[in-house]
Amino acid sequence: MAASTDTLVRLSHVSLFYEGGVTALDDVSLELRRGERVCVLGANGSGKSTLASVICGLLAPDEGEVELVDELVCADGQPDLEAYRRARRSLGLVFQNPDDQIVTSVVEDDVAFGPENLGLPRGEIAARVARELHRVAMEDYAQADPSRLSGGQRQRVCIAGALAMEPAVLVLDEPGSLLDVRGRSAIVRVMGRLAATGTALVHVTHFMEEALEADRVIVLDHGHVALAGTPEEVFSHGEKLGELGLEVPFAARLSQRLGLPWTCDESTLVRELGAVPDSQKGSMSSRPHTKDVRGSGAVPDLQVEHASFSYRLGSRALGDVSLEVVPGTSTAIVGQTGSGKSTLLRLVCGLEVPDEGRVLVRGNDTSTRRGRRGARRLVGYVMQHPERQLFAETVEKDVAFGPRNLGLPADEVDRRVTRALELVGLADRRGASPFKLSGGQRRLCALAGILAMEPRILVLDEPTAGLDPRGRAMLRSALARLRGLGVTLVQVTHSMEDAARADRVMVLDQGRVVVSGTPTEVFSAGNERRLTEIGLGIPRALRVARALERGGWPSLGDPLTTDELVAAIRGGES
Amino acid sequence: MALRIDIGQYYAADSPVHRMDARVKLLCALSALVAVFCVTNAPQLIAGTAFVLAVLFAARVPGSRVLASVRPLVVFLAMLSLFNLVFVRTGDPLLSLGPVSVTAGGVWAAALYTVRFSLALVLGSLVLLTTTPTQLSDALDSLLSPLSRVGLPGHEIAMVFSLMLRFVPTLADEASAIMDAQALRGGGLDEGGPARRVRSVVPVVVALLASGLRHADGLARALDARCYEGGAGRTHYHDQRLTHRDLIAATLTAAFVLTLIFLG
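Residues numbered from 1 in each chain as written. Chains lettered and ligands numbered in written order. Predicted model: local features only at pLDDT ≥ 70, side-chain atom pairs only at ≥ 80, totals over all residues.

Per an unreviewed UniProt entry, the recorded name for chain B is Energy-coupling factor transporter transmembrane protein EcfT, and the organism is Thermophilibacter gallinarum. Chain B has a UniProt comment under Subcellular location (unreviewed entry) that states "Membrane". (UniProt positions renumbered as here; feature names shortened; annotations may be inferred.)

Going by what an unreviewed UniProt entry lists, chain A is known as ATP-binding cassette domain-containing protein and is assigned to Thermophilibacter gallinarum. Within the UniProt record for chain A, the comment given under Sequence similarities (unreviewed entry) is "Belongs to the ABC transporter superfamily." On record in UniProt, under Subcellular location (unreviewed entry), the comment for chain A is "Cell membrane".

(A) Representation of the overall build of chain A. When its secondary structure is counted, chain A shows 22 helices and 21 strands. For chain A, whose C-alpha radius of gyration is 25 Å, the value lies close to the compact-globule estimate of 25 Å for 574 residues. Principal axes of the C-alpha set define a box for chain A whose edges measure 80 × 65 × 50 Å. Expressed as a percentage of the 574 residues in chain A, the buried residues total 53%. Counting only contacts in chain A whose residues sit at least 6 apart along the sequence, the fraction spanning at least 24 positions is 66%. (Helix = DSSP H or I, 4+ residues; strand = E, 2+ residues; numbered from the N terminus. Rg over C-alpha atoms; globule rule 2.2 N^0.38 Å. Buried ≥ 20, exposed ≤ 12 C-beta atoms within 10 Å, placed from the backbone. Contact = placed C-beta atoms within 7 Å.)

(B) Quick look at the pairing of strand 9 (residues 200–204) of chain A. Residues and elements named next belong to chain A. Most of strand 9 sits inside the fold, with 5 of its 5 residues counted as buried. Burial along strand 9 is two-sided: the face carrying A200, V202 and V204 and the face carrying L201 and H203 are both buried. Sheet topology note: the strand 3 (residues 37–41)/strand 9 ladder contains 4 bridges and is parallel. Along strand 9, the bridge assignment pairs C39 with H203. Judged from the 5 bridges that link them, strand 8 (residues 169–173) and strand 9 form a sheet pairing that is parallel. If you follow V171 over to strand 9, its bridge partner there is V202. Between the parallel elements strand 8 and strand 9, the chain passes through helix 6 (residues 181–195) in a crossover that is right-handed. (Pairing = 2+ DSSP bridges. Right-handed = clockwise from strand over helix to strand, strands pointing away.)

(C) Layout of the domain arrangement of chain B. The domain architecture assigned to chain B consists of domain 1 (1–153 + 241–264) and domain 2 (155–230). Between the C-alpha centres of domain 1 of chain B and domain 2 of chain B the distance comes to 28 Å. (Domains from an automatic or database assignment.)

(D) Summary view of unusual backbone geometry. All names here are of chain A. Positive phi, normally seen in glycine, also occurs at E174, with a value near 50°. As for its position among the elements, E174 is in the loop between strand 8 and helix 6. Of the residues examined, E174 has 22 C-beta atoms within 10 Å and is grouped as buried.

(E) Summary view of the sheet that holds strand 15 (residues 356–361) of chain A. All names here are of chain A. If you walk across this open sheet you meet the 4 strands as 13-12-15-16, and the pairing is antiparallel. In this open sheet, the two edge strands, each paired with only one partner strand, are strand 13 (316–325) and strand 16 (364–365). Taken together, the 2 bridges between strand 15 and strand 16 define a ladder with antiparallel strand orientation. Note on strand 16: the bridge partner recorded for V361 is N364. Those strands touched by helix 12 (residues 341–348) are strand 12 (302–310), strand 13 and strand 15, and its axis lies near 120° from that of strand 12. (Axes fitted to C-alpha atoms, helices over the stretch in contact; angles between N-to-C directions.)

(F) Molecular detail of the UniProt feature "domain: ABC transporter" (unreviewed entry) in chain A. Those places that UniProt annotates as "domain: ABC transporter" (unreviewed entry) correspond, in this numbering, to residues 9–247 and 302–535 of chain A. The annotated region residues 9–247 of chain A carries 35% helix and 28% strand content, and the separation between its end C-alpha atoms amounts to 28 Å.

(G) Main features of the nonpolar core. In terms of nonpolar packing, the biggest core is built from 212 residues, with A:V169, A:V202, A:V219, A:V348, A:A448, A:V459 and B:L123 touching the most fellow members. Each of domain 1 (1–153 + 241–264) and domain 2 (155–230) of chain B accounts for three or more of the residues forming this core. Dropping the residues within four chain positions of it, A:A448 is found in contact with A:V399, A:A420, A:L421, A:L423, A:V424 and A:L426. B:A22, B:L136, B:L140 and B:A158 belong to the second largest nonpolar core, which has 5 residues in total. (Core = buried A, V, L, I, M, F, W, Y, C linked by C-beta atoms within 7 Å.)

(H) Expanded view of the interface of chain B and chain A. Of the residues lining the interface, 42 residues belong to chain B; the matching set on chain A comes to 51 residues. Contributions of two or more residues to the side of chain B that touches chain A are made by helix 6 (133–143), helix 8 (154–184) and helix 9 (194–225) of chain B. Taken together, the residues of the side of chain B that touches chain A break down into 20 nonpolar, 12 polar and 10 charged. (Nonpolar A, V, L, I, M, F, W, Y, C, P; charged D, E, K, R; others polar.)

(I) The arrangement of the pairing of strand 21 (residues 512–517) of chain A in detail. Note that strand 20 (residues 504–509) of chain A and strand 21 of chain A share 5 bridges and pair antiparallel. Looking at strand 21 of chain A, one finds that A:D509 is bridged to A:R512.

(J) Structural detail: the environment of A:F309. Residues and elements named next belong to chain A. Tracing the backbone shows F309 in strand 12. On the neighbour-count criterion, F309 (23 C-beta atoms within 10 Å) is buried. Linking F309 and E356, residues 47 residues apart in sequence, is a C-alpha distance of 7.0 Å. Apart from residues no more than four positions distant in its own chain, F309 is found in contact with A317, L318, T343, L347, E352, P354 and D355.

(K) Fine view of the sheet that holds strand 11 (residues 224–229) of chain A. All names here are of chain A. Spatially, the 6 strands line up as an open sheet ordered 7-8-9-3-10-11, and their pairing is mixed. In this open sheet, the two strands that pair with only one neighbour each are strand 7 (91–95) and strand 11. When the angles between neighbouring strand axes are averaged without regard to direction, this sheet yields 15°. Helix-sheet contacts for helix 5 (residues 151–163) involve strand 7 and strand 8, and the interaxial angle to strand 7 is about 170°.

(L) Focus on helix 5 (residues 104–130) of chain B. Residues and elements named next belong to chain B. The end-to-end C-alpha separation of helix 5 is 39 Å, in line with the 39 Å expected for 27 residues at 1.5 Å each. By the burial criterion, the buried members of helix 5 are G106, A109, A110, L119, A120, V122, L123, S125, L126, V127, L129 and T130. Along its buried surface, helix 5 packs onto helix 1 (16–19), helix 2 (22–37), helix 3 (42–59), helix 4 (63–87) and strand 2 (100–103). (Expected span 1.5 Å × (residues − 1).)

In structure tokens:
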């Protein structure tokens, strides 16, 4: 049926509408060949996931023609369900949340689930389970319970489960958006190995850097293809991408800021810069705008003194951790999944009490009931994925929940709601249903609900996880506003760039403090190896600076942000 | 974390009970369960306890794990025995405090119901602790296959049961996260008077419902993507084969049931 047997997926003029006249896909045409790797980018609500579902045969469009693995499954908006069933046997899908994709409590049984559904003989299933668990480097966990694995490991189990069905096309719909850096890079490695086997890959992602390795990039906007081409072609439209709520990879941004030939490859950029003669020696001045937060004499907002903690039936989550937070500063806590970061936050909020040591929140010792109550009044805790706690019919009612519980008079409740919504930039969505907001707005709404309690200290657990670039930017600017108002911030983050912008950084590994200090101290050359060993790395700007210094540049003075790096390089050139 | 639920979580180990065919295990457990519930006298109670302890020993599951998995029901058990203690009025009165009096019959009833119920609970949790969800759903599938033949969804019941076991801990974790979050916003379930406490349940339930729907959507997408189309045409990764071990287990269970009948 297909024009060429090498074409695995062909969509022509496909449109799809959801209830209420929402256009999810608008006249999309694309072809995918054997062994090709295509990356799909787009802001929240641009139709990426819908496109992923159409390509793996789970959604039939309302208009247009779809041909999947040599089956004409949909012509003129008329789906052929039998053809769909046949085609689906050669199409695989892995999406965001591994929890929803794992159907049993034993890893190897889960990988076997797909092949069982295909009706394969037992011996073949066993061979495939062993092969795919090996491919995703999970063979040691064949008998493990997935709920005891990290998010990254679970997602690899899901990929193995999809691969065990030997799909001709594998669709990965934001597979890394809920994972930490290490989990994400492991998945990118698996994808690289797959492309070599001839499996066509469709990768939907919010991380521009991951798109660099694709053969082709497709950018969606409101359901239509806004840009398409090789990564270099697509990322050369920086301005257009910005309008669409996306960003360009770091190397591309840097090359443009420096006025160099455009590139989105970091090593090309370093080579390009390496050619610049080093006319000036001498290191750059140290970071002037960093607040010196030690020994300022103020009463600390938060003191964690030699705290240790273990969960029931569990191993030690935290051991001998100490931390002091000065009012009005921001602290970043970084570490891998399972390093004890979230546990530390629970201690700080008085949700758990340390087994040893103590936690003081402006003098309130959380080991007493009274102290915990005092601590909870002062601390606002933004959990991971706080939008999952939304419940009310309007944004306003959800945000008012906390102040109402405090028994405040109606006008005070109203004042707090207005202020909180203004702080997060949702003042115009007051009457909307929180479930109708975009992903980023939902998170801001949940944040507003906590800000309405007017906390002195705001504690956030991976506030930008799972958001698209626009959502991340909205959240960062809300946090910057809060910081300007003097709210003390403590945040757990996976992003070294976010950590570099904090006043202090604390690095945790396996429940212990590895290093703690100002960003400059923590990301100093002496710590680089240790940080890499525990899977964290250093900020991108610093990484480029180090590569340049290795290539013969004079010391660039540890730039932690793009601005500092650009200034340092300019200084070195002049 | 406060609500970590351990019901129905598989405990990996190598024991005669783990290696039994899941169908035989289910049938044996079911007959033993019914037999234990029919216990009425002391010799039967002793025989029942001995049998359950023997199974526990053979299964090589640590007592703490069994305890953890029955813990949520212990409160219920305690209430049950309290009711029996106070409301059963047969036998000699032993103690009387105003309108409340405790009789010998009450004490016996309290003991009998508590032990009987605990034995059943331990048996049930042992089945879940020693059988993987896949084995369990395969076994249920095969035991319920007569239903499918008359047009009832035998296979689907088995699948739903297995998915339920899989999602209990996930939803429990989410429920506790939601409760923590609402508590920090002054909407804790342990604050204020009864009316306020009841009102505090609403946000938790609504948020949990929304999250349940989200999981259901995701799961449906995953099942479709992995070509799950019901029982027809499916093969099984694990072999279900009867061995001499299953014969022995069935014989021992039959002997136990007969002993109880004989003692009755």
